[in-house]
Amino acid sequence: MAQSYAQISSEDISVRIFDRIRTKKGQATTEVVLLFPIFFILTLFIIKIYGLLIIVQKTEIASFYAARRWQLESHRAVKYADGWDNMFLKRDIEKKVREYIGFNNAAMRKFLSLKSVDLEVERTNVWNNMTLKVSTYPPNIPFLCSYDIRQVCKKPYGLACERGYNFICKRGGSIEVIKRVPNRDRPISFRLPMSNPN
């Protein structure tokens, strides 16, 4: 008898809770409409910052690839260094780097705001300095860029705020990675000293 009473009371409680939930009024539409643009702007801003992190990671990986390939395939002999290295090897590395970063994909280029890529090689006696520079257009987020820089970056914000504003709204930015790789000494075939027959 006590068991059936407990069952009835628990069913009765669940029915009452369901009735209360059903009779509650919904969320006001005006609040949702007012909060949606703020949510959209924050989402857009986070996506653009995430895109910048992607560019940094891709530039690091591409610069490692370029430096390693240059180290293994470049020459020290002048006739190859001025010819094959600069005319073919450097151009091929730059082509692969552009492809990896996303210049060949229109959607990726737009998402990351990619502008240009530049690969420079500086030869020294011991080291080769490989500099990879990726430049971007400003993301130009309309909500943030509609205000003047003096309003956005007034005290206590300073130089960091101005640099961020210039990156987002005016100039864009560039990421530069420098790798130093040693010259590769190509192996010389080993010959045993010839014995003197006399």
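Up top you'll find the structure we're talking about.
Calculation notes
- Per chain, residues are indexed from 1 in the order of the written sequence.
- Note on the predicted model: pLDDT of at least 70 is required for a residue's local features to be given, and 80 or more for side-chain atom pairs to be given and counted; whole-chain, interface and lining totals, by contrast, use all residues.
- Water and hydrogen atoms play no part in the side-chain values, which are based on all heavy atoms of the structure.
- Cavities and pockets were defined on a 1 Å grid built from protein atoms only: a cavity is a group of points that admits a 1.4 Å probe but offers it no way out, a pocket is an open group of points flanked by protein on both sides within 12 Å along at least five of seven lines, and a lining residue is one with an atom within 4 Å of any such point.
- Grid points are joined across faces, edges and corners, and a volume is the space filled by probe spheres set on the points.
- Under the DSSP-based scheme used, a helix requires at least four consecutive residues in state H or I and a strand at least two consecutive residues in state E, with every element numbered from the N terminus.
- Geometry of aromatic contacts follows a simple scheme: Phe, Tyr and Trp rings, the Trp one being its six-membered ring, pair when their centres are within 6.5 Å, and the pair is stacked under 30 degrees between planes, edge-to-face over 60, tilted otherwise.
- Think of it in three bands: with a 1.4 Å probe and only protein chains considered, a residue is buried below 20% of the maximum accessible area for its type, exposed above 50%, and partly exposed in between.
- In this analysis the charged atom, NZ for Lys or CZ for Arg, is taken to sit over a ring once it is within 6 Å of the ring centre and within 35 degrees of the ring normal.
- In this description, a nonpolar core means a group of buried Ala, Val, Leu, Ile, Met, Phe, Trp, Tyr and Cys residues linked to one another through side-chain atoms lying within 4.5 Å.
- Contacts were defined at the residue level, with two residues in contact if any of their heavy atoms lie within 4.5 Å.
- Any residue that is not Ala, Val, Leu, Ile, Met, Phe, Trp, Tyr, Cys, Pro, Asp, Glu, Lys or Arg is counted as polar, Gly included; the first ten are nonpolar and the last four charged.
- Throughout this description, the term salt bridge denotes a Lys or Arg side-chain nitrogen within 4 Å of a carboxyl oxygen of Asp or Glu.
- Note on pairing: DSSP must find at least two bridges between two strands before they are called paired.
- Only the stretch in contact is used when a helix axis is fitted, and all axes are lines through C-alpha atoms; the angle between N-to-C directions ranges over 0 to 180 degrees.

Digging into the layout of surface pockets
Logical step 1: Taken as a whole, the largest pocket encloses approximately 150 Å³ of empty space.
Logical step 2: Surrounding the largest pocket, Phe 45, Leu 144, Val 152, Cys 153, Ala 160, Cys 161, Gly 164, Tyr 165, Ile 168 and Cys 169 form its lining.
Logical step 3: Sort the elements by how many residues they give to the lining of the largest pocket and helix H7 (residues 159–170) lands first, with 6 residues.

Topic: the packing of aromatic side chains
Logical step 1: A full pass over the atoms with the stated rule returns 1 aromatic pair.
Logical step 2: Taken together, a centroid distance of 6.4 Å and an interplanar angle of 25° make the contact between Phe 36 and Phe 40 stacked. Here Phe 36 pairs with Phe 40, and both are found in helix H2 (residues 29–73), just 4 residues apart, close to one helical turn.
Logical step 3: For Phe 36, a relative accessible area of 53% corresponds to the exposed category.
Logical step 4: Seen from the ring of Tyr 100, Lys 58 lies directly overhead, with NZ or CZ sitting 5.0 Å from the centre.

Some thoughts on the nonpolar core
Logical step 1: Of all hydrophobic cores here, the largest spans 20 residues; its most connected members are Ile 93, Val 97, Ile 101, Leu 114, Val 117 and Met 130.
Logical step 2: Among the secondary structure elements, those contributing two or more residues to this core are H2, helix H3 (78–101), strand E1 (114–123), strand E2 (127–136) and strand E3 (173–182).
Logical step 3: By residue number, the principal contributor to this core is H2, which donates 5 residues.
Logical step 4: When sequence neighbours within four positions are dropped, the list of residues in contact with Val 97 reads Ala 62, Tyr 65, Ala 66, Val 117 and Leu 132.

Structural notes on empty space enclosed by the protein
Logical step 1: Using the criterion set out here, one finds 1 cavity of 30 Å³ or more in the structure.
Logical step 2: Quantified by volume, the largest cavity comes out at close to 120 Å³.
Logical step 3: As for the largest cavity, its lining consists of 15 residues, and the residues nearest its centre are Lys 48, Leu 52, Leu 112, Pro 139 and Phe 167.
Logical step 4: When residues of the lining of the largest cavity are traced back to their parent elements, those giving at least two are H2 and H7.
Logical step 5: Here the residues of the lining of the largest cavity are counted per class, giving 11 nonpolar, 3 polar and 1 charged.

Some details on the environment of Ile 175
Logical step 1: The topology assignment puts Ile 175 in strand E3.
Logical step 2: Of the residues examined, Ile 175 reaches a relative accessible area of 16% and is grouped as buried.
Logical step 3: As for Ile 175 and Glu 60, which are separated by 115 residues in sequence, their C-alpha atoms are 9.5 Å apart.
Logical step 4: With sequence-adjacent residues up to four places away left out, Ile 175 is seen in contact with Leu 52, Ile 55, Val 56, Thr 59, Leu 132, Lys 133 and Val 134.

A closer look at the side chain of Lys 58
Logical step 1: Looking at where Lys 58 falls in the secondary structure, it is placed in helix H2.
Logical step 2: Ignoring any residue separated from it by four or fewer positions in sequence, one finds Lys 58 in contact with Tyr 100, Ile 101 and Met 108.

A short note on the pattern of salt bridges
Logical step 1: Taken as a whole, this structure holds 5 salt bridges when the rule is applied.
Logical step 2: One salt bridge connects Arg 69 with Glu 73, and the closest N-O pair in it is separated by 3.2 Å. Here the residue Arg 69 and the residue Glu 73 both occupy positions in helix H2, the gap between them amounting to 4 residues, near one helical turn.
Logical step 3: The class of Arg 69 is buried, set by a relative accessible area of 13%.
Logical step 4: By relative accessible area, Glu 73 is classed as partly exposed at 29%.

Details of the sheet that holds E3
Logical step 1: Strand order in the open sheet made by the 3 strands is E1-E2-E3, with antiparallel pairing throughout. Lying at the two open borders of the sheet, with one neighbouring strand each, are E1 and E3. Each adjacent strand pair in this sheet contributes to an overall mean axis angle of 15°, direction not counted.
Logical step 2: In this sheet, E3 lies alongside E2 in antiparallel orientation, the contact comprising 10 bridges. Counted as the bridge partner of Ser 135 is Ser 174 from E3.

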